[in-house]
Amino acid sequence: MDARKLILLVGALVVAAITAFMARNILMGAPAPVANAIPAAAPQNTTEVMVATRALPVGTILDATSVKFVAWPKELIEGAYYIKGESEPAKLQGTVVRFAIPAGQPITQGALVKPGDRGFLAAALGPGMRAVTVPVSAQGANVSGFVFPGDRIDLVLTQTVAGGGDGPPLKASETILRNLRVLATDQKTDKQTDDKGNTVVNTFSTVTVEATPKIAEKLAVAQTVGSLSLSLRSIADNQSDLEQAIASGEVDVPTDGDPKKEKEMLARVAARPMEGAGGFATGADVSRFQRSTVPGKSSDRSGAQPMPGSYPGGVPVKKGPVVNVARGNAVTEIEVGGKN
């Protein structure tokens with residue numbers, strides 16, 4: 001190789017090395033490219049319509065959480081849909097679902113019954129249920145101003161039991177029915193609002209609830225026994241009621257683990273009114289000067305004896321010496337000096 005070719009080769013290597021060095025410096029010093037999010041283009045040819053936020057079965061009373069507006073293709077919009085700007089969700093609160101609406105489906109005007117419309121109350125009732133109107137006491141009306149259609153309540157019966165003695169009567173109250181759905185208050189099926197849209201709180205003297213035929217019979221009797229008061233239930237109470245129902249075997253839990261069946265079971269438990277033994281309180285639980293038992297019958301000239309487990313006039317009877325007499329397997333307690 002001659003000197004000229006060698007010089008050219010060395011020069012080419014030097015130029016290549018310098019070029020590589022400069023390219024490396026440029027790449028190392030340049031900031032890493034940042035991927036900028038391209039804003040999604042607003043959907044074209046859509047209009048916001050009102051849809052159900054959850055499955056709305058027949059008889060559901062709508063509230064603020066039942067519906068929302070979502071974008072919907074204009075070519076699929078029908079004249080019966082509720083369109084944003086033309087309808088307000090607040091005006092539909094208190095309306096009742098006439099036909100079942102799946103979650104996410106548009107709500108049509110024909111699927112709802114507004115308060116005051118013919119057949120409103122019948123549409124609000126579940127299958128096999130009855131609407132029963134009961135009076136509430138003035139004391140119970142204090143909370144009734146905050147009870148609205150769609151809420152769930154317990155009914156408390158307060159009564160006075162005279163008994164057969166001369167002592168003061170027994171005063172007692174007990175929860176006779178639970179988880180009753182309110183359909184109307186004082187024949188009003190929706191919330192009352194003022195000019196500013198605020199809810200007007202009014203007390204009322206009657207409440208219409210949803211009940212089974214058997215519970216309707218019990219309500220008719222309860223009105224003649226004493227006075228009825230309302231007890232507003234918390235939404236969280238349904239979970240504890242479900243656990244009790246499962247433990248007692250009242251509810252059949254799906255064994256196949258199907259989420260749809262479990263959801264249906266939860267809905268049934270949450271919606272059913274409950275009867276049976278509830279809590280109770282007597283006058284003695286409130287005041288030491290009140291009774292805790294029913295006054296028993298006192299003995300008289302006819303030889304009538306006190307009721308078992310009770311005292312005449314509420315005062316214990318002092319006994320003299322007694323003797324236990326056994327006749328076969330029967331043991332009789334006889335007071336000394338008394339008749340055997």
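That block above? That's the structure.
Residues numbered from 1 in each chain as written. Predicted model: local features only at pLDDT ≥ 70, side-chain atom pairs only at ≥ 80, totals over all residues. Heavy atoms only, no water.

Student: Got a minute to help me understand the overall build of the protein chain in this structure?
Tutor: Secondary structure summary: the protein chain contains six helices and 13 strands in total. Taking all 340 residues of the protein chain together, 29% fall into the buried category. Across the protein chain, the fraction of contacts at a sequence separation of at least 24, relative to all contacts at a separation of at least 6, is 66%. (Helix = DSSP H or I, 4+ residues; strand = E, 2+ residues; numbered from the N terminus. Buried < 20%, exposed > 50% of the residue type's maximum accessible area, 1.4 Å probe, protein only. Contact = heavy atoms within 4.5 Å.)

Student: Just to check I follow, could you spell out the pattern of salt bridges for this structure?
Tutor: Close approach of charged atoms lets side chains of opposite charge pair. For the structure on display, the rule yields five salt bridges. As a salt-bridge pair, Arg 233 and Asp 154 come within 3.0 Å of each other at their nearest N and O atoms. Of this pair, Arg 233 sits in the loop between strand 9 (227–232) and helix 5 (237–248) while Asp 154 sits in strand 6 (residues 152–161), and the two are 79 residues apart along the sequence. The exposure class assigned to Arg 233 is buried, which follows from its relative accessible area of 12%. The exposure class assigned to Asp 154 is buried, which follows from its relative accessible area of 12%. Note that Arg 181 is salt-bridged to Glu 210, the shortest N-O span being 3.2 Å. Highlighted residues: Arg 181 in strand 7 (residues 170–185) and Glu 210 in strand 8 (residues 206–211), separated in sequence by 29 residues. (Salt bridge = Lys/Arg side-chain N within 4 Å of Asp/Glu carboxyl O.)

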